[in-house]
Amino acid sequence: MSPDGPTKPPSAAPLSEPISEQADPHILLDAVSVGYGETVIQRDLSFGVRRGDVFVIMGGSGSGKSTLMRSLIGLLAPQAGRILFDGESFWDALQHERTRRMRRNGVMYQSGALWSSMTLEENVALPLEQYTNLRRSQIHEVAVYKLALVGLSAYCDYYPSEISGGMRKRVGVARAMALDPDILFFDEPSAGLDPLSARLLDDLILELRESLGATMVVVTHDLASIFAIADDSVFLDAATQTMLTTGNPRDLREHCEIKLVRDFLSRGGE
Ligand SMILES: Nc1ncnc2c1ncn2[C@@H]1O[C@H](COP(=O)(O)OP(=O)(O)OP(=O)(O)O)[C@@H](O)[C@H]1O
Ligand SMILES: [Mg+2]
């Protein structure tokens, strides 16, 4: 916590408890600005992610959700502020400490980002080969286990082109879990999926939260997903280039003082 950080703007009135009062947040953002070069996309982001929560980053297209995600997963240095994992400032750490932290963060990319020339098992095994000293037989065991966790144990020898889009996403999740992360990041997990496959993926996220106890950070603007999975959320606004609020999306839909947020969460009359 930064005692001398800038004061929060009055617009960012969180419905949930203020970050300073959250016990031991897993991830903490302290006056973070993100963007590219001189261009600021989001500024003054201050919020916490509780350990074991599914936390959703929501907002309209172009509001900066993926940009913020890049800073959270270690690919884009913030322009200002601090991002803390377990109380340690990520971007102020030495390179080797950052690398160690990044290994504990599992990331599922939008497309699943699988290698088409490798079987599903080989895809899941890749991070284990890159980052561990496990023997080949142990890697095989772990990869098969992770594929079983996402319901694909019968498909280990298949190639990505031989399975459905929803199954490819599941493989992406299995690979993101290969190194037993304590935080899993998902960028638009349901993008490109039919509603049924998207709901199955939501169910998987909730199952994994239960069984692994991992913290999940999910970027999505899929309302059904938001209401199905989110314990907590932050709303990013493109026009003001900052967060408008944080809180449980169901609470925000009913009680948020900001009409834009209520409208966003009431689209389609869910
Ligand atoms: N590599 C980049 N360099 C410069 N500007 C970028 C880059 N990537 C994204 N932007 C800009 O940053 C802004 C936010 O983009 P971002 O992809 O983070 O939004 P988003 O909320 O994820 O949108 P969507 O819901 O459409 O995925 C946009 O104006 C975009 O044009
Ligand atoms: Mg995006």
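First, a word on scope: everything that follows refers to the structure included in this document. (Residues numbered from 1 in each chain as written. Chains lettered and ligands numbered in written order. Predicted model: local features only at pLDDT ≥ 70, side-chain atom pairs only at ≥ 80, totals over all residues. Heavy atoms only, no water.)

## Brief notes about the sheet that holds strand β7 (residues 183–187)
Strand order in the open sheet made by the six strands is β6-β7-β8-β3-β9-β10, with mixed pairing throughout. Edge positions in the sheet fall to β6 (105–108) and β10 (242–246), since each of these pairs with one other strand and no more. The sheet shows a mean angle of 20° between the axes of neighbouring strands, direction not considered. The pairing of strand β3 (residues 54–59) with strand β8 (residues 215–219) spans four bridges and is classified as parallel. In the strand pairing of β8, Ile-57 is matched with Val-219. Contacting β3, β9 (232–237) and β10, helix α9 (residues 259–266) crosses the sheet at an angle of about 115° to β9. (Pairing = 2+ DSSP bridges. Helix = DSSP H or I, 4+ residues; strand = E, 2+ residues; numbered from the N terminus. Axes fitted to C-alpha atoms, helices over the stretch in contact; angles between N-to-C directions. Contact = heavy atoms within 4.5 Å.)

## Re the sheet that holds strand β1 (residues 27–36)
In space, the four strands of this open sheet follow the order β2-β1-β4-β5, with antiparallel pairing throughout. Of all the strands in the sheet, just β2 (39–49) and β5 (88–89) have a single pairing partner and so form its edges. Across five bridges, the pairing between β1 and strand β4 (residues 80–85) is antiparallel. Bridged to Ile-27 within β4 is Phe-85. Against the sheet, helix α1 (residues 65–72) makes contact with β1, β2 and β4, and its axis sits at roughly 120° relative to β1, the strand it touches most.

## Considering the site of ligand 1
In the region of ligand 1, 13 residues are neighbours, and Ser-61, Gly-62, Lys-65, Ser-66 and Thr-67 sit closest. Here an oxygen atom of ligand 1 and a backbone polar atom of Ser-63 are 3.2 Å apart. Note that an oxygen atom of ligand 1 is positioned 3.0 Å from one of the backbone N or O atoms of Gly-64. Compared with its free state, where it exposes 630 Å², ligand 1 has 56% of that area covered by protein. For the shell around ligand 1, the leading source of residues is α1, giving four residues. Among the residues forming the shell around ligand 1, the class breakdown is two nonpolar, eight polar and three charged. (Near = heavy atom within 4 Å. Polar contact = N/O pair within 3.5 Å; in protein donor to acceptor, adjacent residues only side chain to side chain. Areas by Shrake-Rupley, 256 points an atom, 1.4 Å probe, with all protein chains shown as cover. Nonpolar A, V, L, I, M, F, W, Y, C, P; charged D, E, K, R; others polar.)

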